[in-house]
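Listed below, chain by chain, are the residues.
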Amino acid sequence: MARLIDTSGTIILNLSFHNRTKIITNYDDKINNWIPIDFELAVYSEKYNIYPEVDPKLNMFEIDLMFSKLRSLITEMQLTNKFSKVEISTFEFLYELEFYDLEEDGKIKCTVWTFEAIRTNGVIQNCQRGFRFNIALNSLIEFTDNLEQELNHLLK
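Let us look at the structure shown here. (Residues numbered from 1 in each chain as written. Predicted model: local features only at pLDDT ≥ 70, side-chain atom pairs only at ≥ 80, totals over all residues. Heavy atoms only, no water.)

If you walk through the whole model with that rule in mind, you get five aromatic pairs. Consider the rings of Phe-61 and Phe-91, whose centres lie 6.1 Å apart with planes at 20°: the pair is stacked. With Phe-61 in helix α1 (residues 60-80) and Phe-91 in the loop between β6 (86-89) and β7 (95-104), this residue pair connects regions lying 30 residues apart in the sequence. The exposure class assigned to Phe-61 is partly exposed, which follows from its relative accessible area of 42%. Aromatic side chains Phe-93 and Phe-115 sit 5.4 Å apart centroid to centroid with 70° between the ring planes, which places their arrangement in the edge-to-face category. Highlighted residues: Phe-93 in the loop between β6 and β7 and Phe-115 in strand β8 (residues 107-115), separated in sequence by 22 residues. (Phe/Tyr/Trp six-rings, centres within 6.5 Å; stacked < 30°, edge-to-face > 60°. Helix = DSSP H or I, 4+ residues; strand = E, 2+ residues; numbered from the N terminus. Buried < 20%, exposed > 50% of the residue type's maximum accessible area, 1.4 Å probe, protein only.)

The end-to-end C-alpha distance of helix α3 (residues 137-155), which contains 19 residues, comes to 27 Å, matching closely the 27 Å that a straight helix rising 1.5 Å per residue would cover. Here α3 has its buried residues at Leu-137, Ser-139, Leu-140, Ile-141, Phe-143, Thr-144, Leu-147, Glu-150, Leu-151 and Leu-154. (Expected span 1.5 Å × (residues − 1).)

Both β6 and β7 contribute to a ladder of four bridges, which runs antiparallel. Bridge pairing links Glu-87 to Glu-98 in β7. Taken together, β6 and the strand that follows it, β7, pair antiparallel across an intervening segment of five residues, in which Phe-93 is found at a positive phi of about 55°. With eight bridges joining them, β7 and β8 adopt antiparallel strand pairing. Within the sheet, the bridge partner assigned to Glu-98 lies in β8 and is Thr-111. Adjacent in sequence and paired antiparallel, β7 and β8 are bridged by two residues, among which Gly-106 carries a positive phi angle near 65°. (Pairing = 2+ DSSP bridges.)

Attention shifts here to the side chain of Arg-119. Relative to the helices and strands, Arg-119 resides in helix α2 (residues 116-119). A residue is classified by how much of its surface remains accessible, and Arg-119, at 6% relative accessible area, is buried. From its side chain, Arg-119 meets the backbone oxygen of Asn-49 in a polar contact 3.4 Å long. There is a polar contact of 2.8 Å between the side chain of Arg-119 and the side chain of Glu-116. Filtering out sequence-adjacent residues up to four positions away, Arg-119 remains in contact with Tyr-48, Asn-49, Ile-50, Tyr-51, Thr-114, Ile-124 and Arg-129. (Polar contact = N/O pair within 3.5 Å; in protein donor to acceptor, adjacent residues only side chain to side chain. Contact = heavy atoms within 4.5 Å.)

The next point concerns the nonpolar core. Side chains that are nonpolar tend, in soluble globular proteins, to be buried together. Among the nonpolar cores identified, the biggest contains 42 residues, and Phe-17, Leu-41, Tyr-95, Phe-99, Ile-108, Leu-140 and Phe-143 are the most heavily contacted of them. Ranked by residues supplied to this core, first place goes to α1 with eight residues. Discounting chain neighbours no more than four positions away, the residues touching Leu-140 are Leu-4, Leu-70, Leu-73, Ile-74, Phe-99, Ile-108 and Ile-135. (Core = buried A, V, L, I, M, F, W, Y, C linked by side-chain atoms within 4.5 Å.)

It is worth spelling out the packing of α1 against α3 at this point. To describe two helices that pack against each other, one gives the angle between their axes and the distance between the axes. At a minimum axis distance of 11 Å, the contact between α1 and α3 shows a crossing angle of 150°. Considering their axes alone, α1 and α3 lie roughly antiparallel with respect to each other. α3 is crossed by α1, and the crossing has left-handed handedness. On the side of α1, the interface is formed by Met-60, Ile-63, Met-66, Phe-67, Leu-70, Arg-71, Leu-73, Ile-74, Met-77 and Gln-78, while α3 contributes Leu-137, Leu-140, Ile-141, Phe-143, Thr-144, Asp-145, Leu-147, Glu-148, Leu-151 and Leu-155. (Axes fitted to C-alpha atoms, helices over the stretch in contact; angles between N-to-C directions. Parallel < 35°, antiparallel > 145°, perpendicular 65-115°, else oblique. Left-handed = near helix turned anticlockwise from the far one by under 90°.)

Written out as structure tokens, the structure is:
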């Protein structure tokens, strides 16, 4: 499981690719190939999950786009110590991630948005929940590397 941890260690975004339900990889176009995920945001003692009943999945197009944006942000930070705002969202409105340059050595502001209707399988409607916190570049690198390793392992 890939973990994005804030600088104080009290907020953790867990994202994982797995094969709990069927992995779909038999189509030629990436938009129709789907990988199941687990998503959890732990804020101190509270946890915000996308329930398994929702069967959350990302398609390969959005996965590739997410990795491209994360790698670009990481490279920019390593080369120039700054970057332009990066937004990552999912087609199925599972979550959104936003990254902002804190203009502080190796520090990034991250906002995680959850779509509550999807996250709660319809129990909560018509709102989003957002959490903003600071992360270190090293945490983002480790998160991205771990997520890529999980995906590569599943696709072998």
